[in-house]
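Given next are the chains, with one letter for each unit.
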Amino acid sequence: MRIDIISCQPGLVEGFLSQSIVKNAVQSQLVDIRLHDLRPYGLGNYKQIDDYQYGGGAGMVLMAEPLARLIRDLQAEFTYDEVIYMTPDGDTFNQKTANRLSLKKGIIFICGHYKGIDQRIRDMFVTREISIGDYVLSGGEIAAAVVTDAIVRLIPGVINDETSALTDSFQDNLLAPPVYTRPADFEGHLVPDVLLSGNEKLIQEWRMEKSIERTTLRRPDLLDK
Ligand code: 6GU
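Residues numbered from 1 in each chain as written. Predicted model: local features only at pLDDT ≥ 70, side-chain atom pairs only at ≥ 80, totals over all residues. Heavy atoms only, no water.

1. Brief notes about the site of the ligand
What counts here: Here a residue counts as near a molecule or strand whenever at least one of its heavy atoms sits within 4 Å of it. Polar contacts, as used here, are pairs of N or O atoms within 3.5 Å; protein pairs need one atom able to donate a hydrogen and one able to accept it. Residues neighboring in sequence count only if both atoms are side-chain atoms. Values of accessible area rely on a 1.4 Å probe in the Shrake-Rupley scheme; residue burial ignores everything except the protein chains shown. The helix count covers DSSP runs of H or I at least four residues long, the strand count covers runs of E at least two residues long, and both are numbered beginning at the N terminus. Just so you know the grouping, Ala, Val, Leu, Ile, Met, Phe, Trp, Tyr, Cys and Pro go in nonpolar, Asp, Glu, Lys and Arg go in charged, and all remaining residues, Gly too, go in polar.
Looking at the ligand, the residues that line it are Met86, Thr87, Pro88, Ile130, Ser131, Ile132, Gly133, Tyr135, Leu137, Gly139, Gly140 and Ala143. In this structure, isoleucine 132 approaches the ligand through a main-chain N or O atom, which is 2.9 Å from a nitrogen atom. Measuring from a nitrogen atom of the ligand, one finds a backbone N or O atom of leucine 137 at 3.0 Å. Relative to its free-state accessible area of 290 Å², the ligand is covered by the protein chains to the extent of 96%. Among the secondary structure elements, those contributing two or more residues to the shell around the ligand are strand 5 (82–92) and strand 7 (128–131). No other element matches strand 5, which puts three residues into the shell around the ligand. For the shell around the ligand, the per-class residue count stands at seven nonpolar, five polar and no charged.

Take a look at the structure:
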């Protein structure tokens, strides 16, 4: 899979890419992630990338031309399935979307800043708009990093134990059950007996029961799905 991230503050994403599970995936060549600075595509001597909005109002808008030129350069080199604009007014991201996107061969993420990007880029190039929740971030970079992480960890081979991603919270609309590791007795707090029993069937039943219990308490909305 190839992922291209367009940003006017690539440094915000760089740190994330050079750490984490995503770094391992890149090193193992399971995914090819490329970060593109919008600035060199800017106009004139000052490499201008944003301007005031028509009609007035506070905040700068990323101009159409630099974005269009960069997107077209990328599209000339690779065939992308999706051009995704990260924006608080997009569709709310969830595990289902992560699963779908993890099957794609090529994705471009556009990170906006200021008041956003010229609407014509959204009309002409963008295939999907994603928000990561009902709050506003200063830019789309952190949101693109969130979505990239959620997608990349689903690519087979990225997580050592392949079943691990499948048993995550949300994968079946249930929250994950509690987990324990050594010691069996921590300051008098004991690991549930069933987990020490070695009885696989009882353990699976216990985990399912705890998943349902936790989901009922914390996210009853998930059970309706
Ligand atoms: Cl994708 N971008 C920004 N700027 N803020 C957000 C967001 C995205 N998702 C939630 N808040």
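2. Comments concerning the sheet that holds strand 7
As a reminder of what qualifies: A strand pair is defined by DSSP finding two or more bridges across the two strands. Here the axes come from fitting lines to C-alpha atoms, over the contacting stretch only for helices, and the angles between their N-to-C directions go from 0 to 180 degrees. When checking whether two residues touch, look at their non-hydrogen atoms; a contact exists if any pair is within 4.5 Å.
One open sheet holds the five strands; their spatial order is 2-1-6-5-7, and the pairing between them is parallel. The open sheet has two free edges, formed respectively by strand 2 (32–37) and strand 7, since each of these has just one partner strand. Going from strand to strand, the sheet's axes swing by 30 degrees on average, the running direction of each strand aside. Note: strand 1 (residues 2–7) against strand 2, six bridges, orientation parallel. Paired with isoleucine 6 across the two strands is histidine 36, which belongs to strand 2. Relative to the sheet, helix 3 (residues 64–77) contacts strand 1, strand 2, strand 5 and strand 6 (106–111), its axis offset from that of strand 1 by approximately 165 degrees.

3. Re the state of the cysteines
Rules: The disulfide definition used here is simple: a pair of cysteine sulfur atoms within 2.5 Å. Residue burial is assigned from relative accessible area. The probe radius is 1.4 Å, only protein chains are included, and a residue is buried under 20% of its type maximum, exposed over 50%, and partly exposed in between.
Taken as a whole, this structure holds zero disulfides when the rule is applied. You can see cysteine 8 has no disulfide; the closest cysteine sulfur is in cysteine 111, sitting 8.2 Å from it. Relative accessible area serves as the criterion here: at 2%, cysteine 111 is assigned to the buried category.

4. Quick notes on the pattern of salt bridges
Close approach of charged atoms allows side chains with opposite charge to pair. Definition in use: Basic side-chain nitrogens of Lys or Arg form a salt bridge, by our definition, when they fall within 4 Å of a carboxyl oxygen of Asp or Glu.
With the rule as written, the count across this model stands at 13 salt bridges. The shortest N-O distance in the salt bridge between glutamate 82 and lysine 104 comes to 3.4 Å. In this pair, glutamate 82 sits in strand 5 while lysine 104 sits in the loop between helix 4 (95–101) and strand 6, placing the two residues 22 residues apart along the sequence. Take glutamate 82: its relative accessible area is 6%, and that puts it in the buried class. Because the salt bridges share partners, they merge into one network encompassing Arg2, Asp4, Asp32, Arg34 and Glu77.

5. A look at the nonpolar core
Definition in use: Only buried residues count toward a nonpolar core, which is a set of Ala, Val, Leu, Ile, Met, Phe, Trp, Tyr and Cys residues joined through side-chain atoms within 4.5 Å.
Ile33, Met86, Leu101, Phe109, Val147 and Val152 are the most contacted members of the largest nonpolar core, which has 30 residues in total. The greatest single-element share of this core, amounting to seven residues, is contributed by helix 6 (residues 141–152). With near-sequence residues (within four places) excluded, valine 152 lies in contact with Ile3, Val22, Ala25, Val31, Ile33 and Val158. Counting residues in hydrophobic clusters, the runner-up holds 20 residues, among them Ile6, Tyr80, Tyr85 and Ile117.

6. Structural notes on the side chain of threonine 87
Locating threonine 87 in the fold gives a position in strand 5. Overall, threonine 87 belongs to the buried group, its relative accessible area being 7%.

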